[in-house]
Amino acid sequence: MTAQDRIAAYAKKFVPLSEKEAMDFMAPFQEVKVRKRQFIVQPGFVARHRWWVIQGALRGYVVGDAGEDYTIQLAIEEWWISDYNSYIFQQPASMFVVALEDCVLLQISHEDEKELKAANHKFETFFRILGERSTASMQRRIIMNLTHTAEERYHYFLENYPLMADRLPQYVIASFLGMTTEFLSKIRNRKVKPKK
(Lines give C-alpha, C1' and ligand atoms only; values in the text may rest on other atoms or scores of the structure.)
Protein backbone atom coordinates (compact mmCIF):
# COMPACT_ATOMS: atom_id res chain seq x y z
CA MET A 1 0.00 0.00 0.00
CA THR A 2 1.43 3.37 -1.01
CA ALA A 3 1.55 6.33 1.35
CA GLN A 4 -1.23 7.99 -0.66
CA ASP A 5 -3.36 4.83 -0.41
CA ARG A 6 -2.87 4.94 3.36
CA ILE A 7 -4.11 8.53 3.66
CA ALA A 8 -7.16 7.65 1.54
CA ALA A 9 -7.89 4.63 3.76
CA TYR A 10 -7.51 6.88 6.81
CA ALA A 11 -9.93 9.46 5.36
CA LYS A 12 -12.48 6.70 4.67
CA LYS A 13 -12.63 6.03 8.43
CA PHE A 14 -14.34 9.42 8.75
CA VAL A 15 -16.15 10.01 5.43
CA PRO A 16 -17.30 7.63 2.68
CA LEU A 17 -15.30 8.16 -0.54
CA SER A 18 -15.79 6.66 -3.99
CA GLU A 19 -12.69 5.46 -5.81
CA LYS A 20 -12.57 8.68 -7.84
CA GLU A 21 -13.02 10.79 -4.70
CA ALA A 22 -10.24 8.84 -2.98
CA MET A 23 -7.94 9.51 -5.96
CA ASP A 24 -8.84 13.22 -5.93
CA PHE A 25 -8.32 13.40 -2.17
CA MET A 26 -4.86 11.85 -2.13
CA ALA A 27 -3.55 13.64 -5.26
CA PRO A 28 -2.22 16.79 -3.53
CA PHE A 29 -0.40 14.94 -0.75
CA GLN A 30 3.36 14.62 -1.22
CA GLU A 31 5.58 12.11 0.54
CA VAL A 32 8.57 13.63 2.31
CA LYS A 33 11.35 12.08 4.36
CA VAL A 34 12.63 13.92 7.40
CA ARG A 35 15.73 13.02 9.36
CA LYS A 36 15.89 12.79 13.14
CA ARG A 37 16.44 16.26 14.68
CA GLN A 38 15.34 18.01 11.45
CA PHE A 39 12.98 20.96 11.92
CA ILE A 40 9.94 21.24 9.66
CA VAL A 41 8.53 24.36 11.36
CA GLN A 42 10.45 27.16 13.07
CA PRO A 43 9.29 30.37 14.77
CA GLY A 44 9.13 33.39 12.52
CA PHE A 45 8.46 31.39 9.36
CA VAL A 46 4.96 30.62 8.06
CA ALA A 47 3.93 26.95 8.27
CA ARG A 48 2.89 26.34 4.66
CA HIS A 49 2.03 22.65 5.26
CA ARG A 50 0.45 20.23 7.66
CA TRP A 51 1.87 16.72 7.89
CA TRP A 52 0.38 13.27 8.40
CA VAL A 53 2.79 10.73 9.88
CA ILE A 54 3.36 7.50 7.95
CA GLN A 55 6.35 6.51 10.05
CA GLY A 56 8.23 8.19 12.88
CA ALA A 57 7.60 10.62 15.72
CA LEU A 58 7.60 14.41 15.93
CA ARG A 59 7.32 17.05 18.60
CA GLY A 60 5.88 20.58 18.49
CA TYR A 61 7.16 22.88 21.23
CA VAL A 62 7.70 26.47 22.28
CA VAL A 63 10.60 27.97 24.20
CA GLY A 64 9.95 30.30 27.14
CA ASP A 65 11.85 33.48 27.99
CA ALA A 66 14.12 31.61 30.42
CA GLY A 67 15.00 28.99 27.80
CA GLU A 68 12.71 26.25 29.11
CA ASP A 69 10.73 24.36 26.50
CA TYR A 70 7.10 23.29 26.59
CA THR A 71 5.84 20.46 24.40
CA ILE A 72 2.53 21.47 22.87
CA GLN A 73 2.00 18.57 20.49
CA LEU A 74 3.28 15.08 19.73
CA ALA A 75 2.66 12.99 16.64
CA ILE A 76 3.26 9.35 15.74
CA GLU A 77 1.83 7.17 12.97
CA GLU A 78 -1.58 8.34 11.67
CA TRP A 79 -1.39 11.60 13.63
CA TRP A 80 -1.21 15.12 12.20
CA ILE A 81 1.19 17.90 13.14
CA SER A 82 1.95 21.53 12.30
CA ASP A 83 1.93 24.89 14.02
CA TYR A 84 -1.81 25.19 13.45
CA ASN A 85 -2.10 28.88 14.29
CA SER A 86 0.53 29.58 11.64
CA TYR A 87 -0.89 27.08 9.14
CA ILE A 88 -4.54 28.13 9.42
CA PHE A 89 -3.94 31.88 9.45
CA GLN A 90 -0.78 31.83 7.29
CA GLN A 91 1.16 33.97 9.74
CA PRO A 92 4.61 33.44 11.29
CA ALA A 93 4.92 30.35 13.49
CA SER A 94 5.49 30.51 17.23
CA MET A 95 6.45 26.82 17.57
CA PHE A 96 9.22 24.51 16.56
CA VAL A 97 8.25 21.16 15.03
CA VAL A 98 11.12 18.67 15.03
CA ALA A 99 11.51 15.01 14.12
CA LEU A 100 12.32 12.81 17.11
CA GLU A 101 13.05 9.89 14.76
CA ASP A 102 13.65 9.52 11.04
CA CYS A 103 10.19 10.09 9.57
CA VAL A 104 8.15 9.46 6.46
CA LEU A 105 5.37 12.04 6.19
CA LEU A 106 2.65 13.08 3.81
CA GLN A 107 2.38 16.84 3.50
CA ILE A 108 -0.37 19.00 2.10
CA SER A 109 -0.04 22.72 1.50
CA HIS A 110 -2.48 25.25 2.87
CA GLU A 111 -3.51 26.21 -0.67
CA ASP A 112 -4.04 22.61 -1.78
CA GLU A 113 -6.12 21.91 1.31
CA LYS A 114 -8.32 24.95 0.58
CA GLU A 115 -8.81 23.71 -2.99
CA LEU A 116 -9.69 20.21 -1.78
CA LYS A 117 -12.29 21.59 0.63
CA ALA A 118 -13.83 23.74 -2.10
CA ALA A 119 -13.93 20.84 -4.57
CA ASN A 120 -15.93 18.37 -2.49
CA HIS A 121 -17.99 18.76 0.68
CA LYS A 122 -16.78 15.32 1.85
CA PHE A 123 -13.21 16.62 1.93
CA GLU A 124 -14.34 19.68 3.88
CA THR A 125 -16.21 17.38 6.27
CA PHE A 126 -13.05 15.28 6.76
CA PHE A 127 -10.93 18.31 7.69
CA ARG A 128 -13.74 19.67 9.91
CA ILE A 129 -13.82 16.36 11.79
CA LEU A 130 -10.03 16.57 12.24
CA GLY A 131 -10.40 20.07 13.66
CA GLU A 132 -13.19 19.02 16.01
CA ARG A 133 -11.26 16.02 17.29
CA SER A 134 -8.13 18.14 17.76
CA THR A 135 -10.06 20.78 19.70
CA ALA A 136 -11.67 18.16 21.96
CA SER A 137 -8.29 16.54 22.59
CA MET A 138 -6.67 19.88 23.45
CA GLN A 139 -9.54 20.66 25.85
CA ARG A 140 -9.10 17.30 27.61
CA ARG A 141 -5.39 17.99 27.94
CA ILE A 142 -5.91 21.47 29.41
CA ILE A 143 -8.44 20.13 31.91
CA MET A 144 -6.11 17.26 32.82
CA ASN A 145 -3.22 19.67 33.38
CA LEU A 146 -5.35 21.95 35.56
CA THR A 147 -7.16 19.35 37.66
CA HIS A 148 -4.86 16.33 38.02
CA THR A 149 -1.59 15.75 39.82
CA ALA A 150 1.62 15.08 37.91
CA GLU A 151 1.40 11.39 38.85
CA GLU A 152 -2.17 11.17 37.58
CA ARG A 153 -1.20 12.86 34.29
CA TYR A 154 1.68 10.42 33.84
CA HIS A 155 -0.49 7.37 34.53
CA TYR A 156 -3.16 8.68 32.15
CA PHE A 157 -0.45 9.11 29.49
CA LEU A 158 0.79 5.54 30.04
CA GLU A 159 -2.72 4.09 29.80
CA ASN A 160 -3.80 6.08 26.75
CA TYR A 161 -0.54 6.36 24.78
CA PRO A 162 1.50 3.24 25.59
CA LEU A 163 3.29 3.28 22.22
CA MET A 164 4.53 6.81 22.80
CA ALA A 165 5.52 6.12 26.40
CA ASP A 166 7.83 3.33 25.22
CA ARG A 167 9.53 5.17 22.38
CA LEU A 168 9.75 8.88 23.24
CA PRO A 169 12.62 10.34 25.27
CA GLN A 170 11.85 11.02 28.91
CA TYR A 171 12.50 14.78 28.55
CA VAL A 172 9.81 14.96 25.82
CA ILE A 173 7.22 13.13 27.92
CA ALA A 174 8.04 15.30 30.96
CA SER A 175 7.70 18.49 28.92
CA PHE A 176 4.40 17.30 27.42
CA LEU A 177 3.03 16.51 30.88
CA GLY A 178 4.17 19.82 32.41
CA MET A 179 6.83 18.55 34.79
CA THR A 180 10.60 18.36 35.02
CA THR A 181 12.52 15.34 33.77
CA GLU A 182 13.78 14.78 37.31
CA PHE A 183 10.25 14.67 38.73
CA LEU A 184 9.12 12.27 36.00
CA SER A 185 12.11 10.08 36.83
CA LYS A 186 11.00 9.99 40.47
CA ILE A 187 7.49 9.00 39.43
CA ARG A 188 8.84 6.29 37.14
CA ASN A 189 11.04 4.95 39.89
CA ARG A 190 8.07 5.01 42.30
CA LYS A 191 9.90 7.41 44.62
CA VAL A 192 6.85 9.67 44.69
CA LYS A 193 3.89 8.04 46.41
CA PRO A 194 0.44 8.80 44.96
CA LYS A 195 -1.83 10.99 47.14
CA LYS A 196 -4.78 9.26 48.77
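If you're wondering where the values come from, they're calculated on a predicted model, not measured in any experiment.

Concerning the packing of aromatic side chains
Here comes step 1: Scanning the entire structure with this criterion turns up 19 aromatic pairs.
Here comes step 2: Judged by centre distance (5.4 Å) and plane angle (45°), the ring pair of Phe-25 and Phe-29 falls under tilted. Accessibility classification places Phe-25 together with Phe-29 in one group, the buried group.
Here comes step 3: Where Tyr-61 meets Phe-96, the ring centres are 5.1 Å apart and the plane angle is 20°; that geometry is what we call stacked. With Tyr-61 in strand S4 (residues 58–63) and Phe-96 in strand S7 (residues 96–99), the pair connects residues that are 35 residues apart, well separated along the chain.
Here comes step 4: You can call Phe-96 partly exposed: its relative accessible area is 21%.

Concerning the pattern of salt bridges
Here comes step 1: According to the stated counting rule, one finds 12 salt bridges in the structure shown.
Here comes step 2: The residue Glu-77 makes a salt bridge to Arg-167 at a minimum N-O spacing of 2.8 Å. Here Arg-167 lies in helix H7 (residues 162–167) and Glu-77 lies in the loop between strand S5 (69–75) and strand S6 (80–81), a separation of 90 residues in the sequence.
Here comes step 3: In this structure, Glu-101 and Arg-167 form a salt bridge, with 2.7 Å as the shortest nitrogen-oxygen distance. Of this pair, Glu-101 sits in the loop between S7 and strand S8 (103–109) while Arg-167 is found in helix H7, placing the two residues 66 residues apart along the sequence.
Here comes step 4: Arg-167 sits in the partly exposed class, given a relative accessible area of 29%.

Focus: the layout of surface pockets
Here comes step 1: When its volume is computed, the largest pocket comes out at roughly 1200 Å³.
Here comes step 2: Looking at the largest pocket, it is lined by 40 residues, and the ones nearest its centre are Gln-73, Trp-80, Arg-133, Ser-134 and Ser-137.
Here comes step 3: Taken together, the elements giving at least two residues each to the lining of the largest pocket come down to S5, helix H3 (84–89), helix H4 (110–119), helix H5 (121–147), helix H6 (150–160) and helix H8 (170–177).
Here comes step 4: No other element matches H5, which puts 12 residues into the lining of the largest pocket.

Observations regarding the side chain of Ser-109
Here comes step 1: Its location among the elements puts Ser-109 in strand S8.
Here comes step 2: Polar contacts involving the side chain of Ser-109 include one to the main-chain amide nitrogen of Asp-112, which spans 3.0 Å.
Here comes step 3: In this structure, Ser-109 is in contact with Arg-48, His-49 and Tyr-87, ignoring residues within four places of it in sequence.

What to know about the sheet that holds S7
Here comes step 1: With respect to topology, four strands assemble into an open sheet ordered S2-S7-S4-S5, the strand pairing being antiparallel. Looking at which strands have only one partner, the edges of the open sheet turn out to be strand S2 (39–41) and S5. Along the sheet, successive strands turn relative to each other by an average axial angle of 30°, direction set aside.
Here comes step 2: Bridge count between S4 and S5: six bridges; the pairing is antiparallel. Residue pairing for S5: Val-63 is matched across the bridge by Asp-69.

Each value, and the rule that gives it
- Residues take numbers from 1 onward in each chain, read along the sequence in its written order.
- The predicted origin of the model limits local features to residues at a pLDDT of at least 70 and limits the giving and counting of side-chain atom pairs to 80 or more, whereas totals for whole chains, interfaces and linings rest on all residues.
- Side-chain calculation: all heavy atoms of the structure are included, whereas hydrogens and water are not.
- Each Phe, Tyr or Trp ring (for Trp, its six-membered ring) is paired with any other whose centre lies within 6.5 Å, and the angle between the two planes then decides the class: stacked below 30 degrees, edge-to-face above 60, tilted in between.
- Per-residue accessibility, obtained with a 1.4 Å probe over protein chains only, is compared with the maximum for each type, and a residue is labelled buried under 20%, exposed over 50%, and partly exposed between these values.
- Starting at the N terminus, helices and strands are each numbered in turn, a helix being any DSSP run of H or I of at least four residues and a strand any DSSP run of E of at least two.
- Put simply, a salt bridge is a Lys or Arg side-chain nitrogen that is within 4 Å of an Asp or Glu carboxyl oxygen.
- Here the term cavity refers to a set of points on a 1 Å grid, laid over the protein atoms alone, in which a 1.4 Å probe fits but cannot get out; the term pocket refers to an open set having protein on both sides within 12 Å along at least five of seven lines, with lining residues being those that place an atom within 4 Å of a point.
- Grid points are joined across faces, edges and corners, and a volume is the space filled by probe spheres set on the points.
- In protein, a polar contact requires one atom able to donate a hydrogen and another able to accept it; more generally it is a pair of N or O atoms within 3.5 Å, and residues adjacent in sequence count only if both atoms are side-chain atoms.
- Here a residue-residue contact requires only that any non-hydrogen atoms of the pair lie within 4.5 Å.
- Whether two strands pair comes down to DSSP finding at least two bridges between them.
- Whenever a helix is involved, its axis is fitted only over the stretch in contact; in every case the axis is a line through C-alpha atoms, and angles between N-to-C directions fall within 0 to 180 degrees.

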